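# Structural overview for review
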Amino acid sequence: MASTSPAAGPPGGINAVAPLAPNAWLRYDVVERMLPADITDVLEIGCGQGSLGARLAQRYRYLGVEPDRASWELAQQRIRAVGRGEVRNITSGELDTERFDLVCAFEVLEHIEDDAAAVKEWAGRLQARGWLLLSVPALQSRYGPADELVGHFRRYDPAAMTALLEGCGFAEIEIGQYGFPLGYLLETVRNDVARRRLAAAAGRSAAERTAGSGRFLQPSGRVLGATTRWGTAPFRMLQRAFPHSGPGLVARARLAG
């Protein structure tokens, strides 16, 4: 299959409609370069507020699912601004028999206690020899207050991610890290903010914390969106020289068979 032609984009540009947070810019720099060739139909699981989904919707036949209603409402606005794609206020388990060339889940898997069951379920959403593209926090040794605040069960070392994907029926596994050096500073800031918020969140379940994670420290507005875009530009280039360093991990794998 060939990918669809890129959309012209919403008025004001995609960066005004769907701004990315600084760490999301670092992540997207890697994700964009790991998107498989010759794909058409894309499912994003846990699309949050839709900033990355809006970018995918410009290029592919896109469906995002997001169970948190507040995040879904904003994601829906952003996808509508792009003029193509769809976002549903459901979980991936509520989908019907649709199958996709690529299933994405960015900063989702770490929120799920039984991660192997989740990956196997996502594999079931793929066409034969389809692709899975994930991002997760890297390195269990860096688990900190921000992870606890937003309901993370774990972080992932590269070897652990490889073993998980192989055990769930995937091959052609490619793993990289991102965020050196800016990501470490951003993570320190998130941990400092989280320490102050954890006391207030003490009575909330992991599911409630997960529901709000997509809204944690997210930018809004054209000016802030432009600031994060241009402010992270040199760091996006710098991190390419250190593909195995940083507090974030991106993995791509293909369904075996």
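Residues numbered from 1 in each chain as written. Predicted model: local features only at pLDDT ≥ 70, side-chain atom pairs only at ≥ 80, totals over all residues. Heavy atoms only, no water.

### Remarks on the pairing of strand β2 (residues 61-65)
Across the five residues that make up β2, a large majority, four, are buried. Two strands pair when backbone bridges link them, and strand β1 (residues 41-45) and β2 are joined in this way by five bridges, in the parallel orientation. By the bridge assignment, Leu43 is partnered in β2 with Leu63. In the classification by handedness, the crossover that spans β1, the intervening helix α3 (residues 51-57) and the parallel β2 is right-handed. (Buried < 20%, exposed > 50% of the residue type's maximum accessible area, 1.4 Å probe, protein only. Helix = DSSP H or I, 4+ residues; strand = E, 2+ residues; numbered from the N terminus. Pairing = 2+ DSSP bridges. Right-handed = clockwise from strand over helix to strand, strands pointing away.)

### Describing the nonpolar core
Ranked by internal contacts, the top residues of the largest apolar core, which has 35 residues, are Val42, Leu56, Tyr62, Leu102 and Leu133. Look past the residues within four positions of Leu102 in its chain and what remains in contact with it is Leu35, Pro36, Ile39, Asp41, Val42, Leu43, Leu126, Trp131, Leu132 and Leu133. (Core = buried A, V, L, I, M, F, W, Y, C linked by side-chain atoms within 4.5 Å. Contact = heavy atoms within 4.5 Å.)

### Remarks on the side chain of Gln239
Mapped onto the secondary structure, Gln239 falls in helix α10 (residues 222-239). On the basis of relative accessible area, Gln239 is assigned to the buried category, the value being 3%. Setting aside anything within four residues of it in sequence, one finds Gln239 in contact with Leu26, Asp29, Val30, Tyr178, Gly179 and Phe180.

### Thoughts on the packing of helix α2 (residues 22-34) against helix α8 (residues 182-198)
Running from N to C, α2 and α8 cross one another at 145°; their axes reach a closest spacing of 10 Å. Of the two elements, α2 crosses α8, and the hand of that crossing is left-handed. Where α2 approaches α8, its residues Pro22, Asn23 and Leu26 are matched on the opposing element by Leu182, Gly183, Leu186 and Arg190. (Axes fitted to C-alpha atoms, helices over the stretch in contact; angles between N-to-C directions. Left-handed = near helix turned anticlockwise from the far one by under 90°.)

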